[in-house]
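The lines below spell out each chain.
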Amino acid sequence: MSNEPIALGTALASFDALWSPRIVTRVNDYDVRIAKVQGEHMWHVHADTDEFFLVLDGELHIWLREAGGERTVRLPRGAVFTVPRGMEHKPHAPGGAAILMFEPTGTSTVGDRPAEVPGHIDATTGHALGS
């Protein structure tokens, strides 16, 4: 990790892969990840951790499966949302988005019990910036 300031715009411009987060820094035992996203991710759950989203550009939608049924959270640029641990969710960005996520180091992008992972999704715990 760099001990110099990181310009998020420059960091985002350094890669093109969708649904393939890059780790820009760490805070204690947490990764700060950025990603470019477009289209649909997959339904998944993180049993032991919340998942924080900040929309840097575009708009992100997150489908949630709650006790009362499904709902969609719409996040425009500048909005934040935390998916509570144990909640099944599916991010999607119909028009594309750039996002920042904050989650424990080692958290998988496809949750704890992934079904078949679509080919457009990178099943990872994050890549180093510049890789």
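Here goes a summary of the coordinates provided. Quick caveat: nothing in here was measured; it's all calculated off a predicted structure.

Conventions we followed
- Residues numbered from 1 in each chain as written.
- Predicted model: local features only at pLDDT ≥ 70, side-chain atom pairs only at ≥ 80, totals over all residues.
- Heavy atoms only, no water.
- Helix = DSSP H or I, 4+ residues; strand = E, 2+ residues; numbered from the N terminus.
- Buried < 20%, exposed > 50% of the residue type's maximum accessible area, 1.4 Å probe, protein only.
- Contact = heavy atoms within 4.5 Å.
- Pairing = 2+ DSSP bridges.

With respect to the helices, strands and loops of the structure, Thr 49 is situated in the loop between β2 (30-40) and β3 (51-58). Given the relative accessible area of 13%, Thr 49 is considered buried. Setting aside anything within four residues of it in sequence, one finds Thr 49 in contact with Arg 85, Pro 104 and Thr 107.

Take the pairing of strand β4 (residues 60-66) next. Pairing of β4 with strand β5 (residues 69-75), which is carried by seven bridges, proceeds in the antiparallel orientation. What sits directly across from Glu 66, in β5, is Gly 69. If you look at the hairpin formed by β4 and β5, you'll find two residues sitting between the two strands. Looking at chain direction, β4 and strand β7 (residues 88-104) are connected through five bridges and run antiparallel. In the sheet register, His 61 faces β7, and the bridge partner there is His 92.

In short, geometric facts, not functional conclusions.
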